[in-house]
Amino acid sequence: MLPYRSKKSVLIFLLPPLLFYGLGVLMPVIQSLFLSFFEWDGISDMQFVGLGNYAKMFAGDAVFWQAFGNSMIYMMICLVLQLGGALLVATLLMQLTRGREVIKTLYLLPAVISTVAIGFLFQRIYSMDPVGLLNRLLQVVGLGDLARPWLSDTHTVLAAVSVPEGWRFSGLYMLIIYAAFMSILAEIEEAAKLDGVNEWQLFAKIRFPYIRPVWITTVVMAVTYALRGFDIPYLLSNGRHGQLVTTYMYRTAFTNTNYGYASAMSVFIVVECLVAVGLIFGLMKRKVDE
Amino acid sequence: MRTMKTLAVSVLAAAALVLSGCGTSTSSVKPDDVNPEGEIKPHEISWLLSRPVDGGVITAMKQIAADYAKDHEGFELKFITTPDRPSYIQKLETLAAANKLPELFDIDATPFAAKLAKKGSMVDVEAMLKDMGLYDDYRTSALDYQRFDDGSLYMVPFESQVEVFFYNKALLAKAGVDIPKTLDDIPQMCAALNKAGITPITMDGQDMWPLERFMAYYPFRESGNDYIKKLKKGEAKLSDETGRKAVQWMADLGSSGCFQEGFSSTGYADAQALFTSGKAAIYNTGSWDLPTLGTEDLDASVRDQIDYFLLPVTDGGATTQNEYVAPSGIGMAVNTKGYDPLVRDFLKYALEQYPKVYGATGQVNPTTGDGTTLPSNATDLYQRVVDESDNVGDVTAMPWDTQLDSTSNTRLQQELVLLVQGDVSVDEFIDTMDGVIAENGPKAFAE
Amino acid sequence: MTGVESLPSMRSWYKQSFNNVEGYRHHRRITVHRIITWVLIAIIMVIQVYPLLWLFITSVRTEHDFAAGDPFGIPQQFTLDNYARAFESGNLGRYILNSVIVTFGSNFFIVILGMMAAYALQVLRFKGGKIIRMIFMMGIIVPVQISLVPLFIDYSQVGLLDTYWSMIIPLAGFSIPMSVFLFSSFYQYIPSETYEAASIDGAGPYRIFAQITLPLSLNTIVTVVLVNSIFIWNEFIFANTFVLTDDLKTIPLGLQNYIGAMGNTDWTATFAAVCVTITPLMLVFLVLNKAMIQGLEGGATKG
């Protein structure tokens, strides 16, 4: 805390961001909360239904709960690909003596491709007729029996729409983790190597514990982005079978013009994210304390 | 509930610090006040539409608006187009909720549109066209497609399409099958084509509406549009005889492999390509695809093999061969807010000029009279399909996606894919959908 | 850890042996290890880069080749027609300019406001700061879709619809929480002695912000800008909802113009347009790559 600070200075620094954020984010959220107690199609008069929308969500809507389950699976897949991939590549990079810069850049590239293009690209990859890349590959390696229309098969569609999202942003997390690895003093690692520590131990005992604060940041980022994930599942499956809570909410609002019910769902998403973040911090903190 | 709404709006605007009190409070007319008094003062007007940027409608209307602007300095027609339909609908609905729809906007004859009309937001187009002396120029089928259930008309059609089954003669011959005479012939035909290693029917499953068309075929042949008109209100059920037959037929189409594997994730262009590259035997699409299918741009090996048939009938059905899906496209509604002498004058001018300009682009007009000028490289097929528009019967099949309330419609589209893929049984499908429609249908169509 | 004092000499020994590794038999294990590393890297690179390559290749295919031929094969013919069509049917330059304006505008607010809030919360500190921080953090997890209808109504009330602001406000608003989070994590690591020393010299909170905190934050700024630019450049939902006229369309919206009747799409032209529109971001990326990564390194080390 600064010794020479006045109330005024705090306000001067705090008010502009708070105001901007309040108008751009908080106000619409509160308005949505308000809407969630109504039934409204956008043009007729609003009807107050109390907790009716929430009752419907929790008790009567099987589609919602299916979407919720899908969202959880979607999140897991994204996390494994983004964070797992990021850790793996960052670790591999640490062992290279040449070409790190080029590889980092290339690994990050998918992040700059627009979602629309990614959507179509993966349609091509998953397609069955005409034979897409994935099915072609399976045939080549003799696993032709596994070939299937990945986006139409109800068993695979969810995984199929999760993978591209995981794939495209892995580079971003890799950069963050790699940067954290780089900040570990070379002396510590080299001393450990001299002690005969193998790569795995180096990772588990030194690198990973060292970057824990960064790791928490990336986990929070990845989890919340995954829970809010929308574009690619929406574009790839038209939000049909691999329907997530977000795509279901969007359709309820903008295809079915049921703004009240959609608002109730987004309130749910906010609560869900709060719980998730609380859990992450709780778990990570306990580990640190141990 | 008025007060609730007032309260809601005031809360919604709570932080609107600079309330635009100056709001250009444009005057609003009554829906049937189609010829408002006053002077024609040229100003800018906007048309929110969902049509391809370089398509015939926009090209024609741009030209007409430019001509009109020559005599009316200060006039401009702004086109705000969102060709992608789901994005468009989202935009339309948010604008409607904010009460910010422009002078002209595109909309299908959906329950949502009916609500807007009931609210007095749309000009009575039937009265308007009659007042302009244009009403009788329009094809009955083109206007009927735009009408609400009570027969009222609030949208102006800009197209006239027929939806037929294009087929590849060589492929059918290879499999030793004829074109189907009745709907019940189709599953068998598919099985035979499959045996010969040919994709029977190419399906754009991604856009949902093409598959939903098939769902509409059987009931339409059996009982015209009556069934869907009742079904959507919950007065008829899928578990009724007509419904069950239709669902069973859809399931049969799926089990006999009528559509290419993975059809539900095939997009429009890919589905079309399956047909134009000679891999699929049948392609159910509208006359809007004629520039691709009926011109010499198409690869000769396929071009010479293409023919078409109309929606097959059923034994003892209620509709005849020349009654099928003949849509006039998404319609244009005229906002009562902002409808002034200028808007009327421009619309009168534009709708008078439109058939001549539009017909010249190789498309069929929603009006009779001005014919279609075929492209110079059109094949014989082009002309024959265009001629079908003049033979369309009295009743045209209503696509279900413009009939059902949107919640039921979304669910139906999802469940249909599952039904055809064999992921749900006929009974499960009927149970689910009857439940969904019972919950949402009556509410949406309540008077 | 052993022998910290002798590290420098050991390090040089280690480096030397590492560099000569291929020459020695007993280092075979390391060689095998390296080969595995490179193979893994190569596989991952193919997965990451191939799709982009595919985009570029498709953009020079003929339409017929794309529809009827093998979309993953080598193009039979090279054509630039797609690019011609892409420029004909859309106002690509305008879309790019709009995206640039929105990206810059949003980033400006994200950085400035994020820094100010983090400074107030982390450095100045005040009673109730915890609650304010919680309120900001909530924003990280609010799904953006929920704000569409309320914002639309609010904007139409104050006449902000169809302006750059209508995109910048929610884009920046929803990114401020993450920015506050990153900046305050970083500020945690600025030792309080730094501030105390400055305070003793008589510097007030404004001078300290301008002369100490701001310059130290440069790396984090780069991180924040980099991460947000990626999201904002391709943002679709807000733009689609709040922008009506062609003049304000950003790239993702502009790409929608290539969708034709009933869902039919001129895909090769669309891909050409995609290639044109990702190029600016990619160029910035390649040019600033090093600075950005350094920024991330700096930002992440302390954050």
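Analysis parameters
Residues numbered from 1 in each chain as written. Chains lettered and ligands numbered in written order. Predicted model: local features only at pLDDT ≥ 70, side-chain atom pairs only at ≥ 80, totals over all residues. UniProt positions renumbered as here; feature names shortened; annotations may be inferred. Helix = DSSP H or I, 4+ residues; strand = E, 2+ residues; numbered from the N terminus. Buried ≥ 20, exposed ≤ 12 C-beta atoms within 10 Å, placed from the backbone. Contact = placed C-beta atoms within 7 Å. Pairing = 2+ DSSP bridges. pLDDT = per-residue confidence, 0-100. Nonpolar A, V, L, I, M, F, W, Y, C, P; charged D, E, K, R; others polar. Axes fitted to C-alpha atoms, helices over the stretch in contact; angles between N-to-C directions. Core = buried A, V, L, I, M, F, W, Y, C linked by C-beta atoms within 7 Å. Expected span 1.5 Å × (residues − 1). Bend = angle between axes of the 7 residues up to and from the residue.

Chain C carries the name Carbohydrate ABC transporter permease in an unreviewed UniProt entry, which gives Bifidobacterium amazonense as its organism. What the UniProt record of chain C gives under Subcellular location (unreviewed entry) is the line "Cell membrane". Database annotation for chain C, UniProt heading Sequence similarities (unreviewed entry): "Belongs to the binding-protein-dependent transport system permease family."

For chain A, an unreviewed UniProt entry supplies the name Sugar ABC transporter permease and the organism Bifidobacterium santillanense. UniProt lists a comment for chain A under the heading Sequence similarities (unreviewed entry), and it reads "Belongs to the binding-protein-dependent transport system permease family." UniProt annotates chain A under Subcellular location (unreviewed entry) with the comment "Cell membrane".

A. Inspection of the overall build of chain C at higher detail. Per the secondary structure count, chain C includes 14 helices and 0 strands. What you see in chain C, going N to C, is helices and strands ordered as α-α-α-α-α-α-α-α-α-α-α-α-α-α. Each of the 303 residues in chain C was classed as buried or not, and the buried ones make up 48%. Sequence separation of at least 24 residues holds for 77% of the intrachain contacts in chain C that already meet a minimum separation of 6.

B. Main features of the pairing of strand 5 (residues 163-168) of chain B. All names here are of chain B. Taking burial as the measure, the 6 residues of strand 5 include 6 buried ones, the bulk of the element. On strand 5, burial covers both faces: Glu 163, Phe 165 and Tyr 167 on one face and Val 164, Phe 166 and Asn 168 on the other are all buried. Of the strand pairs in this sheet, strand 5 and strand 7 (residues 280-286) are connected by 5 bridges, and their pairing is antiparallel. In the sheet register, Val 164 faces strand 7, and the bridge partner there is Thr 285. In this structure, strand 5 lies alongside strand 8 (residues 306-309), joined through 4 bridges in antiparallel fashion. Across the sheet, Phe 165 pairs through a bridge with Phe 309, a residue of strand 8.

C. Quick peek at the UniProt feature "transmembrane region" (unreviewed entry) in chain A. Residue and element names in this part refer to chain A. In the numbering used here, UniProt assigns the "transmembrane region" (unreviewed entry) feature to residues 12-38, 72-94, 106-126, 171-188, 209-227 and 259-284. Helix and strand shares over residues 12-38 are 89% and 4% respectively, and the end C-alpha atoms of the span are 38 Å apart. Structurally, residues 259-284 comprises 100% helix and 0% strand, and the distance from its first C-alpha atom to its last is 37 Å.

D. Molecular detail of the UniProt feature "transmembrane region" (unreviewed entry) in chain C. Residue and element names in this part refer to chain C. In the numbering adopted here, UniProt assigns the feature "transmembrane region" (unreviewed entry) to residues 35-57, 95-119, 131-153, 165-187, 208-233 and 267-288. As annotated, residues 131-153 comprises 61% helix and 0% strand, and the C-alpha atoms at either end are separated by 29 Å. Span residues 208-233 is 96% helix and 0% strand, its end C-alpha atoms 34 Å apart.

E. Geometry of the confidence of the model for chain C. All names here are of chain C. Residues with a pLDDT of 70 or more make up 81% of chain C, whose mean pLDDT is 78. Taking the mean pLDDT of every element in chain C, the minimum, 40, falls on helix 1 (residues 7-19) and the maximum, 92, on helix 5 (residues 92-124). Note on residues 1-26: pLDDT under 50 across the span, and 14 contacts to partners over four residues away in sequence or across chains. Across the interface, the model reports ipTM at 0.77; the global pTM reads 0.81.

F. Structural view of the interface of chain A and chain C. In this assembly, 73 residues from chain A lie in contact with 78 residues from chain C. The greatest single-element share of the side of chain A that touches chain C, amounting to 15 residues, is contributed by helix 1 (residues 7-35) of chain A. Looking at the side of chain A that touches chain C residue by residue, the classes come out as 51 nonpolar, 14 polar and 8 charged.

G. Representation of the sheet that holds strand 5 of chain B in the model. All names here are of chain B. Reading across from one edge, 6-7-5-8 is the order of the 4 strands in this open sheet, with mixed pairing throughout. With partners counted over all chains shown, the strands left at the sheet margins are strand 6 (199-202) and strand 8, one partner each. Each adjacent strand pair in this sheet contributes to an overall mean axis angle of 25°, direction not counted. Two elements, strand 6 and strand 7, share 3 bridges in a ladder whose sense is parallel. Paired with Ile 201 across the bridge in strand 7 is Ile 282.

H. View of unusual backbone geometry. Residues and elements named next belong to chain C. A positive phi angle, near 60°, is found at Arg 125, a position not held by glycine. Among the secondary structure elements, Arg 125 is positioned in the loop between helix 5 and helix 6 (129-138). Under the C-beta neighbour-count criterion, Arg 125 is labelled exposed, with 12 such atoms within 10 Å. One non-glycine residue, Asp 162, lies in the positive phi region at around 60°. By secondary structure assignment, the location of Asp 162 is in the loop between helix 7 (148-158) and helix 8 (164-188).

I. Quick look at the environment of Glu261(B). Looking at the element boundaries, Glu261(B) is found in the loop between helix 11 (241-255) and helix 12 (268-276). Sequence-wise, Glu261(B) and Leu290(B) are 29 residues apart; in three dimensions their C-alpha atoms are separated by 26 Å. Residue contacts for Glu261(B): discarding those within four places in its chain leaves Met128(A), Asp129(A) and Pro149(A).

J. Summary view of the environment of Leu151(C). Tracing the chain through its elements places Leu151(C) in helix 7. Accessibility expressed as a C-beta count within 10 Å gives 30 for Leu151(C), which makes it buried. Separated by 91 residues in sequence, Leu151(C) and Phe242(C) place their C-alpha atoms 8.9 Å apart. With residues near it in sequence (within four places) discarded, Leu151(C) still touches Pro28(A) and Pro170(C).

K. A look at the nonpolar core. If you look at the biggest cluster of nonpolar residues, it comprises 293 residues, and the most contacted ones within it are Ile177(A), Met250(B) and Tyr119(C). Those residues in contact with Tyr119(C) that lie beyond four places of it in its chain are Phe13(A), Leu124(C), Tyr187(C), Phe209(C) and Thr213(C).

L. Highlighting helix 9 (residues 209-223) of chain B. Residues and elements named next belong to chain B. Between its first and last C-alpha atoms helix 9 spans 21 Å; for 15 residues at 1.5 Å apiece the expected length is 21 Å, and the two agree. Taking the largest bend as the criterion, helix 9 deviates by roughly 30°, centred on Ala 216, and proline Pro 219 comes between one and four positions later. The buried count for helix 9 comes to 11 of 15 residues, which makes it a mostly enclosed element. Residues of helix 9 that are buried: Pro 210, Leu 211, Phe 214, Met 215, Ala 216, Tyr 217, Tyr 218, Pro 219, Phe 220, Arg 221 and Glu 222. In this structure, the buried residues of helix 9 make contact with helix 10 (226-231), helix 11, strand 7 and helix 17 (406-421). Where helix 9 ends, the next residue or the one after it, Gly 224, has phi of about 65°, a positive value.

M. Representation of the sheet that holds strand 1 (residues 44-49) of chain B in the model. Strand order in this open sheet of 5 strands is 2-1-3-9-4 (chain B), and the pairing throughout is mixed. Unpaired on one side and paired on the other, strand 2 (76-81) and strand 4 (155-156) of chain B mark the two borders of the sheet.

N. Region of the structure containing the pairing of strand 3 (residues 104-107) of chain B. All names here are of chain B. Side chains of strand 3 alternate between two faces, with Leu 104 and Asp 106 and Phe 105 and Ile 107 buried alike. Looking at chain direction, strand 3 and strand 9 (residues 331-334) are connected through 4 bridges and run antiparallel. Looking at the pairing, Asp 106 lines up with Met 332 of strand 9.

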